[in-house]
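# Structural description and commentary
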Amino acid sequence: MSTEMRNRNLNTLEKRFPGISKIIEEKKEELLEKEALQIAEETAFTGEKILTIKKGGRKLYLAGRRDPMAHPRNQIEVLGKIVPNAPVFILGMGNLHYLEELVNRTDENVVLLLYEPLFSIFYKQLERIDFDKIFGKRIVALVVGGINDEGLEGLVFSMLYGDKIPLMKYFVLPNYVKLCMESVKYFLDCLTKRASEYKMGVGTNLLFSPFQAENFYHNVQYVRTGYKASSLLKVMPTDIPAFVIAAGPSLNKNIKELKRAKGKAFLIAVDTAVKRLLKEGIVPDMFATLDGMKTAELLNLTEQEEAAKEIPLLTKATSSKSLMDYHTGKKFFIDDGYRYIVQMYKMNGKSIEGFRSGGSVATYAFSFACHLGFRKVVFVGQDLAYTDNKSHADGTFQEKMPEENTEKFLMVPGNYQKEVPTLSNLDSYRKWFGDFISEWRKKYDVEFINATEGGAKIEGTKVMTLAEVVNQECKKEVDIKSCIDQLEPEFDKEGQEKILNYFHDTPKNVHGIISLAKEGRKIYAQLDKLCHSGNMDKRAYAKLLKRVKKNRKKIEENVNYDLLQQSMVRAEQILRSGQYFSYDSLEEEGLELARQGKKYMELLEAYANIIETYTEQTVAKVE
């Protein structure tokens, strides 16, 4: 039966990964001999066969002896909701219930990467598990040590880009740290290279970022009186080019050409480029900002340029409150996933639309221009590289930007040079642009032009000078300001009054999370006491787990939980510490669940207290 199953699985893999069965056949003897693992099967209390490995005189279980499904269920439950299109990474095939549980509980658009660093375990599973049944119709990338693991980093990078990074989940299966620490470290390093801001290595210092929530509850007052970005679809002419203006160093070369484009195109700039544009006498039609830590001093306008405060702004509620207060013009928002804002629209019988916006202000502005329906989109100052060894154009952060030593920088293809120096985060945005353009062109007839006159190459763009683009495309006179001035705020006086009452109730609603966190801690304390009693009552255990689930559901249903969850993504790294261990009994599993749960609820209560204070100081005082 084992040979028959192995051959069937090899056929399944061959269909998904052509050529892999031949490589496996050629390398199996060498790899099995090199690893020399003593793999055996034991029977779990459930009657299911599980794998064990002997190492250093110890027997390591690759799945829980009592119930192999329990640990995957618990860990996936702890991670919370895995949203559609999220990338999920699993290290280890020792317990394929992780993959099975994920397939059963997630949207079919969730993309999975399964990495088994030990060929011996993979080869053993070929004889035991029906891969076709577990994989189903899902997209599952498979990486096996000694077979195709040289492609792990490339696969990780292709799955993690822009706005995919915050959605990521990962698992390291029990005992793999003890079996192959270097492979685990490599796996985590691949993730941290792509998502360094999430610091997903073991032993990371986990920090709460309070400015995000503080900005949000301060800025939602502007959503109440502001505009939907999608409302511009009704008034914006699309038979003109859209210029997306970033602050790359190449802007020094051609910024003056944008004067000729004004009034004959839609000019949308990133926040960092505004000051430099205004110095040249160029007032963009809109500008975009996202960064929650930038301040109004970024613009640092002279008295003659104060009117620029009225430039329409594309933004999000988590942007810098300093800059939002400074700006006095129309503010445009999209749905960026916060139920608190969705509820503001819902209570008025309205909805707010969103779009894929990437991970930077430049990707946000670019995606916005595409979604407005422009048929020609032009990059300006979008270097995504250190052109002339500078990070930004002169007159942005400093009057004269310094040259930097780029000898050790990443080198990528350039628009005018064979290679240009860049950083990994900039290169990820470059790839994001290329992927977006490729996908967009499948649906719409749009021409993408790169008039940056330097910098890194963006796939799918036509390279032209800015002067050529202006001469060729900017022929029709338009008054973008008049178009935007037609729009009325999204909510009338009555609607704004409803939202005002909603604001004033917010501290009370946040306090509800604090109460639930306290209740959750009590439930976990009861679970801990039960597991320490020495006389496990299975019915009581099941009842407590049911209460845990009900409590967690109530917490997650609160519209204020979204901001907490962003912080708790980091906090939940603490809860994952138990994933490196296997448990010999229900009591052991319950004790670990109680430990994790109590810590989670302590963190949740602490963060909710901070947010309650923010809401008392912000939305509760809006008049």
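Owing to the predicted nature of the structure, the values given are computational and were not obtained by experimental measurement.

## Section: the sheet that holds strand 6 (residues 140-144)
Strand pairing in a sheet relies on backbone hydrogen bonds, with the paired strands running either antiparallel or parallel. What the four strands build is an open sheet, ordered 6-5-4-7; its pairing is parallel. At either end of the open sheet lies a strand with only one pairing partner, and these are strand 6 and strand 7 (169-172). Mean inter-strand twist for the sheet, computed between neighbouring axes without regard to direction, equals 10 degrees.

## A look at the packing of helix 1 (residues 2-16) against helix 2 (residues 20-35)
The contact between helix 1 and helix 2 brings their axes to 8 Å, and the two run at 130 degrees. As judged from the angle between their axes, helix 1 and helix 2 are oblique. Note on element contacts: helix 2 touches helix 1 through I20, S21 and I24, opposite L10, L13 and E14. Along the lines of polarity and charge, the residues of the contact of helix 1 with helix 2 split into four nonpolar, one polar and one charged.

## Describing unusual backbone geometry
Positive phi is not limited to glycine here, since N389 has a value of about 65 degrees. Mapped onto the elements of the fold, N389 is located in the loop between strand 14 (376-380) and strand 15 (410-413). Backbone geometry at E453 places phi at a positive 60 degrees, although glycine is not the residue there. Take E453: it is sitting in the loop between strand 17 (447-450) and strand 18 (462-463).

## A short note on the packing of aromatic side chains
One pass over the full model with this rule turns up 25 aromatic pairs. Consider the rings of F119 and F122, whose centres lie 5.9 Å apart with planes at 50 degrees: the pair is tilted. Of the two residues, F119 and F122 are both situated in helix 5 (residues 119-128); the distance of three residues between them amounts to about one turn of the helix. Owing to a relative accessible area of 0%, F122 belongs among the buried residues under this scheme. Measuring from centroid to centroid gives 6.4 Å for Y340 and F503, while their planes differ by 10 degrees, and the two rings are stacked. Of the two residues, Y340 is situated in helix 15 (residues 339-346) and F503 in helix 20 (residues 493-504); the sequence distance between them amounts to 163 residues. Each member of the pair, Y340 as well as F503, is classed as buried. Among the aromatic residues, those joined into a cluster by ring pairs are F366, F379, W432, F433, F436, W440, Y444 and F448. Lying across the ring of Y364, K316 places its NZ or CZ 5.1 Å from the centre.

## Describing the pairing of strand 15
Pairing of strand 15 with strand 16 (residues 419-422), which is carried by four bridges, proceeds in the antiparallel orientation. Residue pairing for strand 16: P413 is matched across the bridge by E419.

## Considering the pairing of strand 10 (residues 266-270)
Strand 10 sits mainly inside the fold: five of its five residues count as buried. Of the two faces of strand 10, both are covered, the one formed by F266, I268 and V270 as well as the one formed by L267 and A269. Pairing analysis gives four bridges linking strand 9 (residues 242-245) to strand 10, with the strands arranged parallel. Counted as the bridge partner of A242 is F266 from strand 10. Of the pairings in the sheet, the one linking strand 10 to strand 11 (residues 286-288) comprises three bridges and is parallel in character. Across the sheet, the residue bridging to A269 is F287, located in strand 11.

## Examining the layout of surface pockets
To find leftover empty space, a probe the size of one water molecule is rolled over the atoms. Roughly 660 Å³ of internal volume is contained in the second largest pocket. Here the lining of the second largest pocket gets ten residues from one element, more than from any other, and that element is helix 22 (residues 538-557). Taken together, the residues that form the lining of the second largest pocket break down as twelve nonpolar, four polar and eleven charged.

What counts, and where the lines are drawn
Residues numbered from 1 in each chain as written. Predicted model: local features only at pLDDT ≥ 70, side-chain atom pairs only at ≥ 80, totals over all residues. Heavy atoms only, no water. Pairing = 2+ DSSP bridges. Helix = DSSP H or I, 4+ residues; strand = E, 2+ residues; numbered from the N terminus. Axes fitted to C-alpha atoms, helices over the stretch in contact; angles between N-to-C directions. Parallel < 35°, antiparallel > 145°, perpendicular 65-115°, else oblique. Contact = heavy atoms within 4.5 Å. Nonpolar A, V, L, I, M, F, W, Y, C, P; charged D, E, K, R; others polar. Phe/Tyr/Trp six-rings, centres within 6.5 Å; stacked < 30°, edge-to-face > 60°. Buried < 20%, exposed > 50% of the residue type's maximum accessible area, 1.4 Å probe, protein only. Lys NZ or Arg CZ within 6 Å of the ring centre and 35° of its normal. 1 Å grid on protein atoms, 1.4 Å probe; cavity = no way out; pocket = protein on both sides within 12 Å on 5 of 7 lines; lining within 4 Å. Points joined across faces, edges and corners; volume = space filled by probe spheres on them.

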